[in-house]
Each structure stands twice: as structure tokens, then as C-alpha cells.
Amino acid sequence: MAKQEDQFKKVISHAKEYGYVFQSSEIYDGLSAVYDYAQNGVELKKNLREYWWKAMVQMHDNIVGLDAAIFMHPTTWKASGHVDAFNDPLIDNKDSKKRYRADVLIEDYVAKYDDKIEKEVKKAEKRFGDSFDKEQFLATNPRVLEYKEKGAAILARMGKSLENEDLADVKALIEELGISCPLSGSKSWTDVKQFNLMFGTKLGASAEHATDLYLRPETAQGIFVNFLNVQKTGRMKIPFGIAQTGKAFRNEIVARQFIFRQREFEQMEMQFFVRPGTQKEWYETWKESRLKWHLSLGLGMDNYRFHDHDKLAHYADAAADIEFKFPFGFKELEGIHSRTDFDLKAHQEFSGKKIQYFDNEINENYIPYVVETSVGLDRLFLAVFSNSLQEEELEDGSSRTVLKLPAVVAPNKAAILPLVKKDGLPEIAKDIFDQLKFDFNVTYDEKDAIGRRYRRQDANGTPFCIAVDYETKDDNMVTIRHRDTMEQKRVAIADLKSIIDAEVNMGVWLNKAK
Ligand code: ATP
């Protein structure tokens, strides 16, 4: 656990030191759970957003984009159920006065069983060596099965109590499990209460005529209320999707864990409208497709897993999360939800406008069903960034800090470095910069010894360094150094564009998501 915490602290300080993420309003001691993306962070975030957008909109002839406003008519949130049901169950510890989400306390307790299972696997791996079959071990070992069963039973009880609004039982469960406050160690808890997560604001100049508005807590509703507009003007035929990225706001009770849980964050959502009765198939299709997309970034299957929901939201008939192994354990990165016709039906009812689709293949009018994929851009950022930050032992006994970001999303694709700051080398380097800048984000650096500049770019996540030396003047060749292998090669300046492109081209990476 201590090792995990150390690694997480390193991630946070590296993000600050290298201009990726800053605490918001830091000069005023910061605003809790709100962050700013700095010079490198904004590029990484933009590239991740674009990588998602291309995979969704550009690669599908039946998915189109949308950019709806953050403010929406207040009735939207009545219809969607957010006014009445967008609550988190909260509980206070009487001694530490700290507030927690009751469901998170219980989930963290259950996560300890996962740790125990992992320990059993490690022990067995050692014992059986090469003949170890992990799948079989997980499916048959009595201790593993016992842990799984206990965890599942706790989650099932919690799911049922929350669904039935039986908050007394949620508290009883916390007490029965002997869960104590992580801060004070005390088991003295208040009752569990519901807390609405929406931020309210006002529209209008004078207090008495102002309208109460909410900052949207999800981008999805902007898509639902525009369903007919997009379907008609785009002449879309079911099945089709609408994709959107944008800010969402939630007054999170427990906002810890850096950019994982913020009060202002960005979502990338796609609502896929389907014929009723086909939603289960589409749900499975999108689950698979979204996992493949994540895997195309190359972080490895061991870092992902599905978590099927026991407790379904009021609008869903099936739901799963893609969880990622963050520095603090497996947690939700993306949600895939089969939302039925709940939202469109509710908007039809509340607006009094007919929201239906005429399906001429079956000659029927209906309210489409919806399968949603919803990923947090900031969580994706944290997943990619934390996994890429590595401390490497080198052959000569030294070590280096390297940020092995997938090259396709790295903020700078190459750094151009003149060996010395004189004798015409900076001019050649700047000329290379001017040639490459039309195709790639590149950076120029002439300060410090070349070795130190290489290390700085490694820590910055730049996939290539291009060194200009005295020989360049004669042969028009430069040394290109690869961040991950540290391999250096002499290549012609004229070939730089194609060498870089082969490794950073979005199309090549997206092809892996097929
Ligand atoms: P959690 O259970 O972690 O609170 P959620 O199930 O409420 O998340 P959804 O409503 O399904 O989340 O939102 C879709 C995605 O938006 C999540 O998978 C996550 O990546 C992202 N997200 C949700 N809340 C936050 C937040 N407070 N900060 C950053 N990202 C968030």
C-alpha cells in the first residue's frame, strides 16, 4: 500500500514539475478538487480527445458529433431524474468529522478481498512455476472462491439496500463489517443521508425574476434533447449515434485522488440509438469495441477489467464499467450503459413533444433504445499518464525517469537540439523546426549539455530527440534518438518527417482498435 501511495505522489509531483497539471488557483492555496491543465497537459488532453473523436465520429459513417451548451432548460433535469435521484449516500464520522460516501467505504472494504486474491495468485505462481494456470486457479481455489463469494454478497446487499432507499441498512452493513474511519480509526458513524450532486446557479439580472439553473452533471442530456433535430437534419437511420465531449460538474462529496474525481471535469460520451429489443446485442458490441479502443493505446490488458453492475441506475437494463489499474487500485474509467428508452420517453412526457422514429424497414413508430458509452477525459489522462511514468535502471548502473506516453498522444513529437549554441548549429536546428512544425508539435531546446536535454525530454514524454552536430553541416544528416529504446541512428534531414509520422500517425494507431 505504501508503495502504491509513493508511486501516486510521484505521479502528482511529476505532473506539476513538467507542466502537465496544476492545482486550480494555487496562489490562493488552491480550490479543492479543481485542476488546471498546463502547457503539456493541455496538449495530451487535446490529443486524447481527438483520438476518441476520430474513433467515434470519423471512423463510423453512422455516428455524428454535437456540441450542446452547458446550460440547459431546468426541466431537462426533472425529466432525466437528476433533481430527484442524482444523489450519493453520505455518512460522517463523528470523531474525525470527515464525510464519506457510504457506498465507497463499502466498496473499498470489498477491494481488500481483491488484494487477498492477488496475494494468493502470487503465492501459487511461485509454488507452481511454469505449470501455473491462472484462469484455472481463480476458478477453483477454495480460498479465492471464498473471498469472491464474500465480496459479491456484500456488494449485492449494498446494491439492494440502495435500490430500496434503505439507508438504515447501508449503515448497518458498515457497522457489521466493522469499517472504521480511514483517518481517525473510529467506528462512530452518523446515519446515512442522501446528497444531491448538482451545482445550482441563476439566470437573470434581478433576484426575483431569476430562473434556477443547473450546471450540467453529464453531457448525455444535451444529446437526448437534440435527438430529433439531429436525426431529421442529418437524415439519420437507426442504428446511429451522437457523440459529444464537454465539461460536466458534480459537487462530489469525497473529492480526492487528484484528477480522478473532480468537481469540474470533462466527459466524452456517445449515445447510440437502436431498435427496441436489439439493445443487449449493441451493448455487448460496444463493450467489446470500447475495450479494444483502450487497448490500442498499448498500456496492456493486465491494466483493464470489466465490472458488471449489480446495482443498476434507474434508467438502465444493463451496465458495466471498464476499470483501470490506477496507482490506487482498479477503479472506473468508462461506463457502458444500456439506458433503454428512459431518457427519450421522459423528455417526450415532460416537453409534450413527440420524440419518435419511424422505422421504414419494419413499418413502425417507436421511441428508440439507447446504448451509451461514457468515458472521463481526465480519468483517461490519469490512466495514460500514471502508467507511462517509469523509473528505469540503465545498463551503466544509473537510472532515468521516463514518461513513456503512447507516441500518438504525446504533447511534443520531437525535440530539436543543436549540440552547441554556436557555429551555425542553432540555425540548422531552427530550420528543421520550421520544416516539421506544419505536421507535428515539435520543440526546440539549446540549454544545457545534450545528455541532460535528452533526460529532460524523456521525463517530458517526447518520443524523439533530433540532435544537430558539426557533421550535419556537411552531410545534412542528424542523430535521431528514440525515447523508449534510447537507440540513436543517423538519418537524413529529408527523411525526418516520414520517420516521425510512422510512429505518431493517428490512423496507424486507430487501426489497432479495429
Ligand atoms: P463514480 O462511480 O466513479 O462516481 P459514475 O459512475 O458516477 O463514477 P458516470 O456517471 O458513469 O460516472 O460518468 C461517466 C464517466 O465520467 C466515468 O466513467 C468517469 O470516467 C467520469 N467521471 C464521473 N465523475 C467524475 C468526476 N467527479 N471526476 C472526473 N471524472 C468523472
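Computed from a prediction, not measured in an experiment: that's the story for all the values here. (Residues numbered from 1 in each chain as written. Predicted model: local features only at pLDDT ≥ 70, side-chain atom pairs only at ≥ 80, totals over all residues. Heavy atoms only, no water.)

Undergrad: Quick question: what am I supposed to make of the overall build of the protein here?
TA: Across its full length, the protein holds 18 helices and 23 strands. Relative to the globule expectation of 24 Å for 514 residues, the C-alpha radius of gyration of the protein, 26 Å, shows essentially globular dimensions. Over its C-alpha atoms, taken along the principal directions, the protein stretches across nearly 75 × 60 × 55 Å. Within the span of the protein, comprising 514 residues, buried residues form 49% of the whole. Relative to all contacts within the protein whose residues are 6 or more apart in sequence, the contacts with residues 24 or more apart total 65%. Here the protein displays about 25,500 Å² of accessible surface, and carbon together with sulfur accounts for 49% of that area. Across the protein, 74 positive and 83 negative side-chain charges occur, with their mean positions spaced 2 Å apart. (Helix = DSSP H or I, 4+ residues; strand = E, 2+ residues; numbered from the N terminus. Rg over C-alpha atoms; globule rule 2.2 N^0.38 Å. Buried < 20%, exposed > 50% of the residue type's maximum accessible area, 1.4 Å probe, protein only. Contact = heavy atoms within 4.5 Å. Areas by Shrake-Rupley, 256 points an atom, 1.4 Å probe, with all protein chains shown as cover. Lys, Arg positive; Asp, Glu negative; His and termini not counted. Charge placed at Lys NZ, Arg CZ, Asp CG, Glu CD.)

Undergrad: Teacher, can you tell me more about the domain arrangement of the protein here?
TA: Many structure descriptions define interface size as the accessible area lost when the parts assemble. Per the domain assignment, the segments of the protein are domain 1 (1–75 + 197–393), domain 2 (87–194) and domain 3 (396–513). Measuring from the centre of the C-alpha atoms in domain 1 to the corresponding centre in domain 3 gives 34 Å. Summed over the three residues of domain 1 that lose the most area to domain 3, namely Tyr 51, Ser 388 and Glu 392, the buried surface amounts to 24% of that side. If you look at where domain 1 meets domain 3, you find 2 salt bridges. (Domains from an automatic or database assignment. Buried area = accessible area lost by both parts, 1.4 Å probe. Salt bridge = Lys/Arg side-chain N within 4 Å of Asp/Glu carboxyl O.)

Undergrad: What is the right way to look at the site of the ligand in this model?
TA: Around the ligand there are 16 residues in total, and Glu 252, Arg 261, Gln 262, Glu 332 and Leu 333 lie nearest to it. A distance of 2.8 Å is found between a nitrogen atom of the ligand and a backbone nitrogen or oxygen belonging to Gln 262. Separating an oxygen atom of the ligand from a side-chain N or O atom of Gln 267 is a distance of 3.3 Å. When the free accessible area of the ligand is taken as 600 Å², the share hidden by the protein chains comes to 86%. Among the secondary structure elements, those contributing two or more residues to the shell around the ligand are strand S10 (264–274), strand S13 (329–340) and strand S16 (369–376). (Near = heavy atom within 4 Å. Polar contact = N/O pair within 3.5 Å; in protein donor to acceptor, adjacent residues only side chain to side chain.)

Undergrad: Just checking my understanding: could you explain the sheet that holds S10 for this structure?
TA: Hydrogen bonds between backbone groups are what pair the strands of a sheet, and the pairing can be parallel or antiparallel. Strand order across the open sheet formed by 7 strands is S3-S9-S10-S16-S13-S12-S11, with mixed pairing between neighbours. Since the sheet does not close on itself, it has two edges, and those belong to strand S3 (63–65) and strand S11 (304–308), each with one partner. Looking at each pair of strands side by side, their axes are set apart by 25° on average, direction ignored. With 6 bridges joining them, S13 and S16 adopt antiparallel strand pairing. For Glu 334, the partnering residue across the bridge sits in S16 and is Val 375. (Pairing = 2+ DSSP bridges. Axes fitted to C-alpha atoms, helices over the stretch in contact; angles between N-to-C directions.)

Undergrad: Can you help me understand the sheet that holds strand S5 (residues 99–101) in this one?
TA: A sheet is described by the order of its strands in space; here 3 strands give the open sequence S5-S4-S6, paired in antiparallel fashion. Each having just a single partner strand, S5 and strand S6 (193–196) make up the two edges of the open sheet. With strand direction ignored, the average angle separating the axes of adjacent strands in the sheet is 45°. Pairing of strand S4 (residues 87–92) with S5, which is carried by 3 bridges, proceeds in the antiparallel orientation. When the sheet's bridge partners are listed, Leu 90 is paired in S5 with Arg 101. Across the sheet, helix H5 (residues 102–128) touches S4 and S5, and the angle it forms with S5 is around 70°.

Undergrad: I keep staring at the environment of Gly 329 and nothing clicks. Help me out?
TA: By the secondary structure assignment, Gly 329 is in strand S13. In sequence terms Gly 329 and Ile 117 are 212 residues apart; their C-alpha atoms lie 14 Å from each other.

Undergrad: What should I look at first to understand the packing of helix H2 (residues 41–58) against helix H13 (residues 377–388) in this one?
TA: Each pair of packed helices can be described by the angle between their axes along with the distance between the axes. The geometry of H2 relative to H13 is characterised by a closest axis approach of 10 Å and an angle of 110° between their N-to-C directions. With respect to their mutual orientation, H2 and H13 come out roughly perpendicular. Side by side, H2 and H13 meet where Gly 41, Leu 44, Lys 45, Leu 48 and Arg 49 of the first sit next to Leu 377, Asp 378, Leu 380, Phe 381, Val 384 and Phe 385 of the second. (Parallel < 35°, antiparallel > 145°, perpendicular 65-115°, else oblique.)

Undergrad: Would you mind going over the environment of Gly 241 with me for this structure?
TA: Along the chain, the position of Gly 241 falls in strand S9 (residues 240–249). Residues Gly 241 and Arg 455 lie 214 residues apart in sequence; the distance between their C-alpha atoms is 44 Å. Ignoring sequence-local partners within four residues, the contact set of Gly 241 consists of Asn 62, Ile 63, Val 64, Met 270, Gln 271 and Phe 272.

Undergrad: I tried to follow a positive patch on the surface on my own but got confused; where do I start?
TA: Together, Lys 3, Lys 122, Lys 134 and Lys 325 make up a region of like positive charge exposed at the surface. With respect to the helices and strands, Lys 3 occurs in helix H1 (residues 2–17). (Patch = residues over 30% accessible without salt bridge, like charges linked within 9 Å, V, L, I, M, F, W, Y side chains within 5 Å.)

Undergrad: Quick question: what am I supposed to make of the pattern of salt bridges here?
TA: Should the charged atoms of two oppositely charged side chains come close, the side chains can pair. Taken as a whole and judged by the stated rule, the model has 42 salt bridges. When the shortest N-O distance is used, the salt bridge between Arg 339 and Asp 343 registers 3.0 Å. A relative accessible area of 1% places Arg 339 in the buried class. Linked by salt bridges that have partners in common, Glu 392, Arg 400, Lys 404, Asp 458 and Arg 481 make up one network.

Undergrad: Even after reading the chapter, I still don't get the side chain of Asp 378, so can you show me in this structure?
TA: Mapped onto the fold, Asp 378 is located in helix H13. Comment: no salt bridge for buried Asp 378; closest opposite-charge side chain is Lys 45, at 4.0 Å. For Asp 378, the side chain forms a polar contact with the side chain of Tyr 37, separated by 2.7 Å. With residues near it in sequence (within four places) discarded, Asp 378 still touches Tyr 37, Lys 45, Ile 259, Gln 262, Phe 265 and Glu 266.

Undergrad: Looking at this structure, I do not really get the pairing of strand S19 (residues 414–418). What am I missing?
TA: In terms of burial, S19 is a largely internal element, 5 of the 5 residues being buried. Neither face of S19 is exposed, since Ala 414, Ile 416 and Pro 418 on one face and Ala 415 and Leu 417 on the opposite face are all buried. Alignment of S19 against strand S20 (residues 442–444), held across 3 bridges, turns out to be parallel. Bridging from a neighbouring strand, Ala 414 pairs with Val 442 of S20. Running through helix H14 (residues 425–436), the crossover from S19 to the neighbouring parallel element S20 is right-handed. Here 5 bridges tie S19 to strand S21 (residues 464–468), and the two strands are oriented parallel to one another. Opposite Pro 418, over in S21, you have Val 468 as the bridge partner. (Right-handed = clockwise from strand over helix to strand, strands pointing away.)

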